Amino acid sequence: MQGVPGFNTVPNPNHYDKSIVLDIKPLRSLKPVFPNGNQGPPFVGCPPFGPSSSEYSSFFPFGAQQPTHDTPDLNQTQNTPIPSFVPPLRSYRTPTKTNGPSSSSGTKRGVGRPKGTTSVKKKEKKTVANEPNLDVQVVKKFSSDFDSGISAAEREDGNAYLVSSVLMRFDAVRRRLSQVEFTKSATPKAAGTLMSNGVRTNMKKRVGTVPGIEVGDIFFSRIEMCLVGLHMQTMAGIDYIISKAGSDEESLATSIVSSGRYEGEAQDPESLIYSGQGGNADKNRQASDQKLERGNLALENSLRKGNGVRVIRGEEDAASKTGKIYIYDGLYSISESWVEKGKSGCITFKYKLVRQPGQPPAFGFWKSVQKWKEGLTTRPGLILPDLTSGAESKPVSLVNDVDEDKGPAYFTYTSSLKYSETFKLTQPVIGCSCSGSCSPGNLNCSCIRKNDGDLPYLNGVMLVCRRPVIYECGPTCPCHASCKNRVIQTGLKFRLEVFKTRNRGWGLRSWDSLRAGSFICEYAGEVEDNGNLRGNQEEDAYVFDTSRVFNSFKWNYEPELVDEDPSTEVPEEFNLPSPLLISAKKFGNVARFMNHSCSPNVFWEPVIREGNGESVIHIAFFAMRHIPPMAELTYDYGISPTSEARDESLLHGQRTCFCGSEKCRGSFG
């Protein structure tokens, strides 16, 4: 370019020589040149959710094996030191257009399109509801040194504890984000946060079962399945792995998600007719023939190889207008495939999958419960359609399909607490002065102030986090009955069933799926003076005692993952003004039938609300994690230390535990 007039000078805008032709190569022929180690900082490629550590493989997508490349992959971070801070993808957002000419570069997108561009908006219109894009990078100023507590090996291969922990931590963050941001983007934002901080497991793709996931487990989003390695695709219905045999590569299907909304998908609990992927209508509403590639080819290869394929059934969530519940239905074998023309006249691939024998019922239970609810079939072993005789807002069935027992010992059903004459209530309390519904952040509301400025519940049905005590609005509060701070006083939200167990007497379970944090019931009965009842506890098997020692556990969100100061973390240990003893032997509700477990799926929370001008303590039960239909509901009864034992190691009133949990301590009470 030497000798070209005007180069490295400011040209005269009114005069330049048009006869000179500049010898400039097109941009696409230029190769990028990156500085070496002596010239500048190392180049670091940022995956969608942060840099890939050398301790574990980067996900492609979300844990799949990276395909081989003939040319160097600039997104690889191997042998490159990880910087102390990686700027988020949103910092690379395309500059706002000005009146000046637009740049000729930057029209191609890479991984993680900047949020807010036109192309993204067009793509979002095609996105299925509740299946958000995971290209969300959440940068936390408090999580720079965050320790996930999950090793690199545990991220690759999980277990039951890790799967449960990851799902609980994810849902805790999701609930908190939903509480403070009032947005539907809480789910993808929570997922992006956990992934970027290494809170996930089973990243290694595999054919067959996934460690820690049981047949019948339920999920409330595809993102949850991705976090624990059941199904890595957040949008596509077919997930597969590339199997290598020498120099040859072959795709094998690992899992499919059946939404039940496509043409020809049968609802038989033992078999499934599955439609292939692709061929959907484009922006011009023109459908096309499906091709034998990607997921379709993987299913065809699995038919030939005979490997098992994980099947997840999607069903409508009755508690959400647009949401879905996903049921893991176990391993299926592909028995046959064929091609047929759909309603659009285009070719569609069809696959028949048959459930492998010897697996516990999952989707079959789901379909049976639906028929019971709709009255299409009668519940086998039904003794009473409603144990409560109308005392509850929803009927509670009494069922025995184990032996000839016709019901539990006689008691009077009550849905509320009863106080003895000698029991003294706590200090008087004054209700709020809200005219409509109590609102979060309204410090003029006394109930909101007691709950540290937040509504303790999400959407008026789900507990956000455990607290030392929760304050609900009471009878003298002028807010209306549908106030979102009135939850446990509105009665049962789910269809429950009292049933006879094989070795633990009567138990309690739900016909509905329960999402983590859902309110189940409160413990109703007679509130007794401590001195009057403690001497008879060994004879009364229906006693709830807050002074017992309970196993501690972590359930709340981690402040660093929602950009909150860790010093503001809400304590989870309860703090009651006085111990509480409730006997449900003579008077009680469904809570009296909940059995003990050393690995419970339900926990209790003290709730105080005003009644007759005084504070009344209630014991409410909430789902600890997602609970599928027909799973027994259990909580930790705790143990009573002997008052004479200095080290509290001697116990009295213990009973043998039959929970069968891996953590079973052998006794309780």
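Rules of the game
- Residues numbered from 1 in each chain as written.
- Predicted model: local features only at pLDDT ≥ 70, side-chain atom pairs only at ≥ 80, totals over all residues.
- Heavy atoms only, no water.
- Salt bridge = Lys/Arg side-chain N within 4 Å of Asp/Glu carboxyl O.
- Helix = DSSP H or I, 4+ residues; strand = E, 2+ residues; numbered from the N terminus.
- Buried < 20%, exposed > 50% of the residue type's maximum accessible area, 1.4 Å probe, protein only.
- Pairing = 2+ DSSP bridges.
- Core = buried A, V, L, I, M, F, W, Y, C linked by side-chain atoms within 4.5 Å.
- Phe/Tyr/Trp six-rings, centres within 6.5 Å; stacked < 30°, edge-to-face > 60°.
- Lys NZ or Arg CZ within 6 Å of the ring centre and 35° of its normal.
- Axes fitted to C-alpha atoms, helices over the stretch in contact; angles between N-to-C directions.
- Disulfide = S-S within 2.5 Å.
- Expected span 1.5 Å × (residues − 1).
- Polar contact = N/O pair within 3.5 Å; in protein donor to acceptor, adjacent residues only side chain to side chain.
- pLDDT = per-residue confidence, 0-100.
- Contact = heavy atoms within 4.5 Å.

K.L.:
Got a minute to help me understand the pattern of salt bridges in this structure?
P.N.:
As a working rule, side chains carrying opposite charge can pair if their charged atoms are close by. The full count for this structure, using the stated rule, is 28 salt bridges. Taking the shortest distance from any N to any O, the salt bridge between aspartate 171 and arginine 175 comes out at 2.7 Å. Taken as a pair, aspartate 171 and arginine 175 lie in helix H3 (residues 160-181) at a separation of four residues, close to a single helical turn. As far as the burial class goes, aspartate 171 and arginine 175 line up, both buried. One salt bridge in this structure joins glutamate 249 and lysine 244, with 4.0 Å as the shortest N-O distance. Accessibility classification places glutamate 249 together with lysine 244 in one group, the exposed group. One salt-bridge network, held together by shared partners, links Arg176, Asp452, Asp454, Arg467 and Glu564.

K.L.:
Any chance you could explain the pairing of strand S24 (residues 614-623) here in plain terms?
P.N.:
Two faces make up the sheet, and in a regular strand the side chains alternate between them. The buried fraction of S24 amounts to nine of the 10 residues, a majority that puts the element mostly inside the structure. Pairing geometry for strand S17 (residues 519-522) and S24, over three bridges, is antiparallel. Paired with cysteine 521 across the two strands is phenylalanine 621, which belongs to S24. Relative to S24, strand S23 (residues 602-611) runs antiparallel, the two being bridged by 10 bridges. Across the sheet, residue glutamate 610 finds its bridge partner in S24, namely serine 615.

K.L.:
What exactly am I supposed to notice about the nonpolar core here?
P.N.:
One recurring pattern in soluble globular proteins: nonpolar side chains tend to sit buried together. Judged by nonpolar contacts, the single largest core of 39 residues is most densely connected at Tyr523, Met594, Phe621 and Leu633. Breaking this core down by element, the ones donating at least two residues are strand S9 (396-399), strand S15 (496-500), strand S16 (506-510), S17, S23 and S24. For this core, the element with the highest residue contribution is S24, accounting for four residues. Among the nonpolar cores identified, the runner-up in size contains 34 residues, and Phe146, Leu162, Phe170 and Leu561 belong to it.

K.L.:
I'm lost on the packing of aromatic side chains in this one. Help?
P.N.:
The description of an aromatic ring pair rests on the distance of the ring centres and on the angle between the ring planes. In total, this model carries 17 aromatic pairs according to the counting rule given. Relative to phenylalanine 603, the ring of tryptophan 555 lies with its centre 4.8 Å away and its plane at 55°, an arrangement referred to as tilted. Of this pair, tryptophan 555 sits in the loop between strand S19 (543-545) and strand S20 (581-583) while phenylalanine 603 sits in strand S23, placing them 48 residues apart in sequence. In this structure, tryptophan 555 and phenylalanine 603 share a single accessibility class: buried. These aromatic residues form a ring-pair network of at least three members: Tyr523, Phe544, Phe550, Phe574, Trp604, Phe621, Tyr635 and Tyr637. Sitting above the plane of the phenylalanine 553 ring, arginine 466 keeps its charged end 4.0 Å from the centroid. The lysine or arginine in question, arginine 466, covers the ring of phenylalanine 603, its NZ or CZ lying 5.7 Å from the ring centre.

K.L.:
Hey, could you run me through the sheet that holds strand S18 (residues 526-528) in this one?
P.N.:
Through backbone hydrogen bonds, the strands of a sheet pair up, either in parallel or in antiparallel fashion. One open sheet accounts for four strands, arranged S11-S18-S20-S19; its pairing is mixed. Each end of this open sheet is capped by a strand with a single partner; those strands are strand S11 (418-419) and S19. Examined bridge by bridge, S19 and S20 share three bridges and lie antiparallel to one another. Note on S20: the bridge partner recorded for phenylalanine 544 is isoleucine 582.

K.L.:
Would you mind showing me how to read the sheet that holds strand S8 (residues 382-384) here?
P.N.:
Read from one edge to the other, the open sheet built from four strands follows the order S8-S9-S15-S16, with strand pairing classed as mixed. With partners counted over all chains shown, the strands left at the sheet margins are S8 and S16, one partner each. On average, adjacent strands in this sheet sit at an angle of 35° to one another, irrespective of strand direction.

K.L.:
Help me understand the state of the cysteines, please; the structure alone is not making it clear to me.
P.N.:
By definition, a disulfide is the covalent link that joins the sulfur atoms of two cysteine residues. Enumeration according to the criterion identifies zero disulfides in this entry. Not engaged in a disulfide, the cysteine cysteine 473 finds its nearest cysteine sulfur in cysteine 438; these two sulfurs lie 3.4 Å apart. Note on cysteine 473: relative accessible area 0%, which makes it buried.

K.L.:
Explanation requested: unusual backbone geometry in the structure shown.
P.N.:
Across residues other than glycine, the phi torsion is negative in most instances, and most of the peptide bonds are trans. Phi at asparagine 202 takes a positive value of approximately 55°, unusual for a residue other than glycine. Residue classification places asparagine 202 among the buried residues on the basis of a relative accessible area of 0%. A positive phi is found at serine 389, a non-glycine position, where the angle reads about 55°. The topology assignment puts serine 389 in the loop between S8 and S9.

K.L.:
Can you help me understand H3 in this one?
P.N.:
The periodicity of an α-helix, 3.6 residues per turn, causes residues three or four places apart in sequence to face the same way. For H3, with 22 residues, the first-to-last C-alpha span of 32 Å sits near the 32 Å given by 1.5 Å per residue. Most of H3 sits inside the fold, with 17 of its 22 residues counted as buried. Capping the start of H3, asparagine 159 holds a side-chain oxygen 3.1 Å from the backbone nitrogen of tyrosine 161, two or three residues further along. Backbone geometry just downstream of H3 places phenylalanine 182 in the positive-phi region, at approximately 50°.

K.L.:
Can you help me understand the confidence of the model for the protein chain in this one?
P.N.:
Close inspection of predicted coordinates is inappropriate for parts of the model with low pLDDT. Across the protein chain, the average pLDDT comes to 78, with 70% of residues at 70 or higher. Of the regions scoring below 50 in pLDDT, residues 1-11 engages in four contacts with residues more than four places distant in sequence or in other chains. With pLDDT under 50 throughout, residues 135-139 is counted as low confidence; its partners more than four residues away or in other chains account for 22 contacts.

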